[in-house]
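Here is how the chains run, residue by residue.
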Amino acid sequence: MVSRKKTVTGKALAARLKQIRVLATDVDGVLTDAGMYYSESGDEWKKFNTRDGMGIKLLQKAGFLTAIVTQERTKLVARRAEKLAIPELHQGVMDKLTLLQDLVARHGLSLSQVAYIGDDVNDLAALQAVGFSASPADGMPVIQAAVDYICKKKGGEGCVRELAELLLQARMAPKPVRRSTR
């Protein structure tokens, strides 16, 4: 059983969010509704939320590195990553934590600068290691018990945009003014 991380709020939350430089996300159950749709001819379909895509684009514009990390390997995900100009697309990943460690090392960053959003047990190690972790509203209970933030939105329904807004608000928050003590 995984215990819930200590809830972080207020100034402590803002300080942690300000340190984030990377948003990494799972796909199925996060960028999609976790459904897998197959046509009679064998085509696979996934539904992505355009608001999540805009959240990713806003983060990129603000200087964040964006990444997709998924166990699945599909052309659909590659096309979505290409459309959003996501520079770090990693499919077929069985050990997401090791992948994230390699990713931050290549970019001269640390895991404490990563926000990761995932919904199921294959995301757990990565969620526990990063600077800020999140789950969609419909993430698995074991995941929700382990993350820093549970989104109000479900997977495929804007949870990534919700997290992006948190990160952007923290980045834009005014810095406290120090007063002279003369």
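It should be noted that the structure appears before, not after, this text.
This is a predicted model, so every value here is computed, not measured. (Residues numbered from 1 in each chain as written. Predicted model: local features only at pLDDT ≥ 70, side-chain atom pairs only at ≥ 80, totals over all residues. Heavy atoms only, no water.)

Q: Describe helix H2 (residues 50–61), and please don't skip the residues or the numbers.
A: For H2, built from twelve residues, the straight-helix expectation of 16 Å at 1.5 Å per residue is met to within 8% by its first-to-last C-alpha distance of 16 Å. Elements that come into contact with the buried residues of H2 comprise strand E1 (22–25), strand E4 (65–69), helix H3 (75–83) and helix H7 (159–172). Its side-chain oxygen placed 2.7 Å from the backbone nitrogen of Arg51, Asn49 serves as the N-cap of H2. Downstream of H2 by a residue or two, Gly63 has a phi angle that is positive, lying close to 100 degrees. (Helix = DSSP H or I, 4+ residues; strand = E, 2+ residues; numbered from the N terminus. Expected span 1.5 Å × (residues − 1). Contact = heavy atoms within 4.5 Å. Polar contact = N/O pair within 3.5 Å; in protein donor to acceptor, adjacent residues only side chain to side chain.)

Q: Residue-level account of the pattern of salt bridges, with values.
A: In total, this model carries seven salt bridges according to the counting rule given. For the salt bridge of Asp148 with Arg16, the shortest nitrogen-to-oxygen distance reads 2.9 Å. Here Arg16 lies in helix H1 (residues 10–18) and Asp148 lies in the loop between helix H6 (141–144) and strand E8 (149–150), a separation of 132 residues in the sequence. Two residues, Arg161 and Glu165, come together in a salt bridge whose shortest N-O distance is 2.7 Å. (Salt bridge = Lys/Arg side-chain N within 4 Å of Asp/Glu carboxyl O.)

Q: An account of the sheet that holds E1 is requested, with residue identities and associated values reported.
A: As a general point, the strands of a sheet are linked pairwise by backbone hydrogen bonds and lie either parallel or antiparallel. The six strands lie next to each other as E5-E4-E1-E6-E7-E8, forming an open sheet whose pairing is parallel. The sheet is open, and its two edges are formed by strand E5 (88–90) and E8, each paired on a single side. Relative to strand E7 (residues 132–135), strand E6 (residues 114–117) runs parallel, the two being bridged by three bridges. Each bridged residue has a counterpart across the sheet, and for Tyr116 the counterpart in E7 is Ser133. (Pairing = 2+ DSSP bridges.)

Q: Please give an account of the packing of aromatic side chains that cites residues and values.
A: This structure, assessed with the given rule, holds one aromatic pair. Measuring from centroid to centroid gives 6.4 Å for Phe132 and Tyr149, while their planes differ by 35 degrees, and the two rings are tilted. Here Phe132, found in strand E7, pairs with Tyr149, found in strand E8; they are 17 residues apart in sequence, far enough to count as distant. Take Phe132 and Tyr149: they sit in the same class, and that class is buried. (Phe/Tyr/Trp six-rings, centres within 6.5 Å; stacked < 30°, edge-to-face > 60°. Buried < 20%, exposed > 50% of the residue type's maximum accessible area, 1.4 Å probe, protein only.)

Q: An account of the side chain of Glu88 is needed here, citing residue identities and associated values.
A: Here Glu88 is to be found in strand E5. For Glu88, a relative accessible area of 7% gives the class buried. Looking at Glu88, its side chain comes within polar contact range of the side chain of Arg106, at 2.9 Å. Those residues within four positions of Glu88 in sequence are excluded, and the remaining contacts are Leu65, Thr66, Ala67, Ile68, Leu103, Arg106 and His107.

Q: Describe the packing of H1 against H7, naming the residues involved and giving the relevant values.
A: Two elements in contact, H1 and H7, have axes whose closest approach is 8 Å; the angle formed by their N-to-C orientations is 95 degrees. One finds that H1 runs roughly perpendicular with respect to H7. In this structure, H1 contributes Ala14, Leu17 and Lys18 to the contact, and H7 contributes Leu166, Leu167 and Ala170. Across the contact of H1 with H7, the residue classes break down as five nonpolar, no polar and one charged. (Axes fitted to C-alpha atoms, helices over the stretch in contact; angles between N-to-C directions. Parallel < 35°, antiparallel > 145°, perpendicular 65-115°, else oblique. Nonpolar A, V, L, I, M, F, W, Y, C, P; charged D, E, K, R; others polar.)

Q: Go over the side chain of Asn49 with me, naming the residues and quoting the values.
A: Tracing the sequence through the fold places Asn49 in the loop between strand E3 (44–45) and H2. Side-chain polar atoms of Asn49 contact the backbone oxygen of Gly156, separated by 3.3 Å. With residues up to four places along the chain from it excluded, the contact list for Asn49 reads Leu31, Arg80, Gly156, Glu157 and Gly158.

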